[in-house]
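Take a look at the letters that make up each chain.
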2 protein chains.
Amino acid sequence: MRQYFPILDWSRTYTRDTLTNDLIAAVIVTIMLIPQSLAYALLAGLPAEVGLYASIAPLLVYAVFGTARALAVGPVAVASLMTAAAVGELAAQGTPEYLGAAIALAFLSGLMLLVMGFLRLGFLAAFLSHPVISGFITASGLIIAASQLKHILGVPASGHNLLELLASLWAQLDAVNLPTLLIGAGATGFLFWSRGGLKRFLAARGVPPHRAGLLSRTAPVVAVAVTVLLTWVFGLDRAGVAIVGEVPQGLPRPALPPFDLALWYQIAVPALLISIVGYVETVSVAQTLAAKRRQRIDPDQELIALGGANLGSALSGGFPVTGGFARSVVNFDAGAETPAAGAFTAIGMALATLFLTPLLFFLPKATLAATIIVAVLSLVDLGAFRRTWAVSRPDAAAMAATILVTLSAGVEAGIVAGVALSLFLHLYRTSRPHVAIVGQVPGTEHFRNIDRHAVVTAPEVVTIRIDESLYFPNARFLEDTVQEQVGANPNLRHVVLMCSAVNDVDASALESLEAINHRLADGGLALHLSEVKGPVMDRLKRSHFLHDLTGGVYLTQFDAMRALAPDLTCRTLAAGRRDLARNGNGA
Amino acid sequence: MRQYFPILDWSRTYTRDTLTNDLIAAVIVTIMLIPQSLAYALLAGLPAEVGLYASIAPLLVYAVFGTARALAVGPVAVASLMTAAAVGELAAQGTPEYLGAAIALAFLSGLMLLVMGFLRLGFLAAFLSHPVISGFITASGLIIAASQLKHILGVPASGHNLLELLASLWAQLDAVNLPTLLIGAGATGFLFWSRGGLKRFLAARGVPPHRAGLLSRTAPVVAVAVTVLLTWVFGLDRAGVAIVGEVPQGLPRPALPPFDLALWYQIAVPALLISIVGYVETVSVAQTLAAKRRQRIDPDQELIALGGANLGSALSGGFPVTGGFARSVVNFDAGAETPAAGAFTAIGMALATLFLTPLLFFLPKATLAATIIVAVLSLVDLGAFRRTWAVSRPDAAAMAATILVTLSAGVEAGIVAGVALSLFLHLYRTSRPHVAIVGQVPGTEHFRNIDRHAVVTAPEVVTIRIDESLYFPNARFLEDTVQEQVGANPNLRHVVLMCSAVNDVDASALESLEAINHRLADGGLALHLSEVKGPVMDRLKRSHFLHDLTGGVYLTQFDAMRALAPDLTCRTLAAGRRDLARNGNGA
């Protein structure tokens, strides 16, 4: 019971101090979330109130089911972009079908996360390698920033990829609306400055650093308030500044998403991708914050909590939500101790929908675009490519493919291409494992690579050490390797496979071993194994392989050589002892 | 030069004896190939002469480029079924478009194999695990056999999968043509008997076993001759027996395949699948036969040879070819010593197209169907599932998926499903590697799993040994595992990752290690590594990880424990020595 309801755990030790801390954090996060929720709804192509709705129920649900103490769930940039990409294929912005599809997307994504949680399928997130995620988020950030430029410039623009988008903006540069540009550029500049400069500014005026950091997080609300005032006072909406306009007042009403199988079929893949990307982000933020206080999160329970949050969003007219990085860090820094802080934030957002929406009428879309641009550009990490390249070329290639395909063909194609390429390169790597022909180090029972060490070998025995588990990607490689050795050594009588680095063996590798055994037997050679690990031996025992094996299975490589080339091992041991004695005398 | 033209190698030592042996093998293979080539053309939905054409040029090309001495290239059952499936989507049987698409398929498949050969991409075949191939061939064999039943029964039947096919046959049972059934069933029975009974029959009459085995291979030609005679003498074609009819006489004329980009685009995926399946079969047959004479083949050169053979087939009006298992074994058993045997077979087939085609006019299609059924049912291996299940459940699941999807949704879907599932299960397995918490075996420097051995540990140190390379499928698992240990041990001060089984580390795992390091530091813990292998250390050195690492990197786990818990290691070593001394006294 407690496993599925972590609230039963932390609520028992809830004190007045905890309450105070959670309340303070909730106030700060609410101030940050109001403009963000409106902005991400705009990014997703949805009415502003949908952003508010997605910031109430999901937070309440997460407070009940979440295991991360300071995670802030709600609308985030990348999931909003993915929503826009998925729903934009199916309906025109502003239509009820568009809204319905976005709600259905949250619902389906929630269902998928719940199912994955109950089936403990969190490992699905393992398909997304870090370089692919990093490349995807960087590319998404660039696309999002570019897509918001039209709001800053006050021109209509569209395009299916970054180049089209930028070309479309370029073609309309002469139609730029000056008041919009002033508001947009001003807000963007102010928000960029607020990220570093404002904190220093406050600190210089005697505000303690921690409080200065938290205060600088209110900059978006300040930008909203100032631009609303300017627009209202100077009537800028009549001068061409696009405004949010009428936002329905009042709490969201519970409603079921459209149950339309054809629609669900069309959004299944986007829903899966949003689920997995959102989950990966959520868990990595949650784990980072939990570690700071030596707490732990349960990754499978997080699937359930995030699934519940998305169902909650869908049933209250919201769109897909996940754990947001920036907001969670603010929540944590502001002192949030339990998920109750999230519930209090939800109450704050509910109050905003009840009382603040009339004030948002004159809110310029350019201000929201500025909020988005500043938020997402902090996600863009172009240096990651250089760092990855230094460590691993295949990973860098997967990252580059993800970035380029995301920028040129969209978010879904980008993430699929990245996953496919990283799987392919992973298989390529394991399909050609490191292989060493080993010989005996004189005077010892150790066997080392003949290319790196001065070792002795017997002409009638070859020992092949494979530094990888044996499974289908390298089964044929194993056959080729053995065949090559046999072809190259005409006096060969014994082939020994040294299995010290073999952690696993699958049916393909077993068949390859059987084929190798039979082929060697046909050529008059015996196959032996040495240093086979327990689990691998168990599997061999369940097959016919050991029964047919022409040679033996030796506990150690030294045992194998003692049996197959007794003269050699004695000679080298003796030689080694002589060396040892001589060196000992010399020292 | 010699690498790409293996003929330069073996032709230098070509003797009169070799010539005799190759000629004898060629005669036997030609006799076997004539009915097979016609039958597989029928299976592919192509005119009979296309089978003959695909048995001339490809064999000559392979003789120049092939590295396998006794491999017999030509039309085979599975590739013919795959051709029918691919081309059947695009055009109606009997139209020039159908023939053109089949030729284009051979051309594109040849090009792909050549490119793979020059880029040394033979590892692509590693994507097909043995259980997937085995399941695919079994399912293909069942589909092929079912598809040929209509020729045996003399009724039209069609269907997109096995069930539809069988239902369609069942619905027409009352329309069965009796003379066709008699010929078909008779030929099938005779051919089944010839596989075992004929050899024993001949052996009982004093024919030496080896010759009896080869003679029994002429059974299909005998069946063809007898049924042609029966049909001609009794005019069975007028009684409803479908016959091959007019087969154009004369050698194939060189011609280019249709250069139609839209067509090529449509057949690209089937061409790739045919290439890879054909290549896998070719290499495994070639390697099996080469091993019997301690010869070797070059897997990458085989790509080039098979690619050339397919281009040769396409340019002479043929369809996709690969190395056939049964025919290669006969070629080998009949004494073929070099690829020249294949060239002689090609000459035999050329003579057949020049002079024998008029004799094929009255050949009943039922006889060809019988040849196909007997050939493919030997490929069906239902016991493989049981054997695989005993060894590995995930492999058995991949095999079952391949069989079921191939039977229900067709060859392409089947092979794609099998590959996808085996990749998925492989990732699943490596995403949750075996992990052991280890402690010191008293009195030794060895560290073993605390769950299996009586070991000692220090409360402030936990050592985690991961029995798998660290890469993206298990990067998150690693983070979760460390987090779990930290959560479970409140007195912990040091975490040691013992890397003795880690063969590789990728960018994802590195980032996870960095995250673990920072999270542990946030909680006041230090991270250490022990027993890191050379290549892994090289990669760590190229990143920031070692610079940021809060703990040390120890050559051995014993060094790590000596540094982190000096009291413990001394105590257990001393205790061990006491035990040793006591046991020594007791003995």
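Above this text is the structure in question.
Model, not experiment: these values are computed from the prediction.

1. Here we look at the nonpolar core
Grouped together as the largest cluster of nonpolar side chains are 108 residues, with contacts concentrated most on Leu 38, Met 82, Leu 128, Phe 136, Phe 319 and Leu 363 of chain A. The element that contributes the greatest number of residues to this core is helix H12 (residues 261–292) of chain A, accounting for 15 residues. Apart from the residues within four sequence positions on either side, Leu 38 of chain A is in contact with Ala 48, Leu 52, Leu 360, Leu 363 and Leu 368 of chain A. One finds Phe 123, Ile 137, Phe 319 and Ala 375 of chain B within the second-largest nonpolar core, a separate group that totals 107 residues.

2. Details of the pattern of salt bridges
Taken as a whole and assessed by the stated rule, the structure comprises 16 salt bridges over all chains. Where Arg 539 of chain A meets Asp 504 of chain A, a salt bridge forms, and the shortest distance between an N and an O atom there is 3.5 Å. Highlighted residues: Arg 539 of chain A in helix H22 (residues 534–541) and Asp 504 of chain A in the loop between strand S6 (494–498) and helix H21 (507–522), separated in sequence by 35 residues. Residue Asp 504 of chain A is classed as partly exposed on the basis of its relative accessible area, which comes to 22%. A salt bridge links Asp 300 of chain B to Arg 120 of chain B; the shortest N-O distance between them is 3.1 Å. Placement of Asp 300 of chain B in helix H13 (residues 299–315) and of Arg 120 of chain B in the loop between helix H6 (96–118) and helix H7 (130–153) is noted, with a sequence separation of 180 residues between them. What makes Asp 300 of chain B buried here is its relative accessible area of 13%.

3. Comments concerning empty space enclosed by the protein
Throughout the structure, instances matching the rule amount to 14 cavities of 30 Å³ or more. Residue lining of the largest cavity: 14 residues in total, with Ala 291 of chain A together with Gln 483, Val 486, Arg 519 and Leu 520 of chain B positioned closest to the centre. Every element with two or more residues in the lining of the largest cavity is listed here: H12 of chain A together with helix H20 (472–488) and helix H21 (507–522) of chain B. No other element matches the five residues that H20 of chain B contributes to the lining of the largest cavity. Each residue belonging to the lining of the largest cavity can be placed in one class, and the counts come to six nonpolar, five polar and three charged. Within this model, the second largest cavity holds a volume of roughly 150 Å³.

4. Concerning the interface of chain B and chain A
The figure often quoted for interface size is the accessible area lost as the parts come together. Tallying the contact residues gives 69 residues for chain B and 69 residues for chain A. With both sides pooled, the region where chain B packs onto chain A buries about 6100 Å², and carbon together with sulfur makes up 55% of that total. If you look at where chain B meets chain A, you find two salt bridges. Of the charged contacts in the structure, one is a salt bridge between Arg 429 of chain A and Asp 504 of chain B, with a shortest N-O distance of 3.8 Å. The tally of links between chain B and chain A comes to 17 residue pairs in polar contact (both at pLDDT 80 or more). Every element with two or more residues in the side of chain B that touches chain A is listed here: H7, helix H12 (261–292), helix H17 (383–391), helix H19 (411–431), H20 and H21 of chain B. Of all the elements, H20 of chain B adds the most residues to the side of chain B that touches chain A, at 10 residues. Of the residues assigned to the side of chain B that touches chain A, the class counts are 28 nonpolar, 20 polar and 21 charged.

What counts and what doesn't
- Residues numbered from 1 in each chain as written.
- Chains lettered and ligands numbered in written order.
- Predicted model: local features only at pLDDT ≥ 70, side-chain atom pairs only at ≥ 80, totals over all residues.
- Heavy atoms only, no water.
- Core = buried A, V, L, I, M, F, W, Y, C linked by side-chain atoms within 4.5 Å.
- Buried < 20%, exposed > 50% of the residue type's maximum accessible area, 1.4 Å probe, protein only.
- Helix = DSSP H or I, 4+ residues; strand = E, 2+ residues; numbered from the N terminus.
- Contact = heavy atoms within 4.5 Å.
- Salt bridge = Lys/Arg side-chain N within 4 Å of Asp/Glu carboxyl O.
- 1 Å grid on protein atoms, 1.4 Å probe; cavity = no way out; pocket = protein on both sides within 12 Å on 5 of 7 lines; lining within 4 Å.
- Points joined across faces, edges and corners; volume = space filled by probe spheres on them.
- Nonpolar A, V, L, I, M, F, W, Y, C, P; charged D, E, K, R; others polar.
- Buried area = accessible area lost by both parts, 1.4 Å probe.
- Polar contact = N/O pair within 3.5 Å; in protein donor to acceptor, adjacent residues only side chain to side chain.

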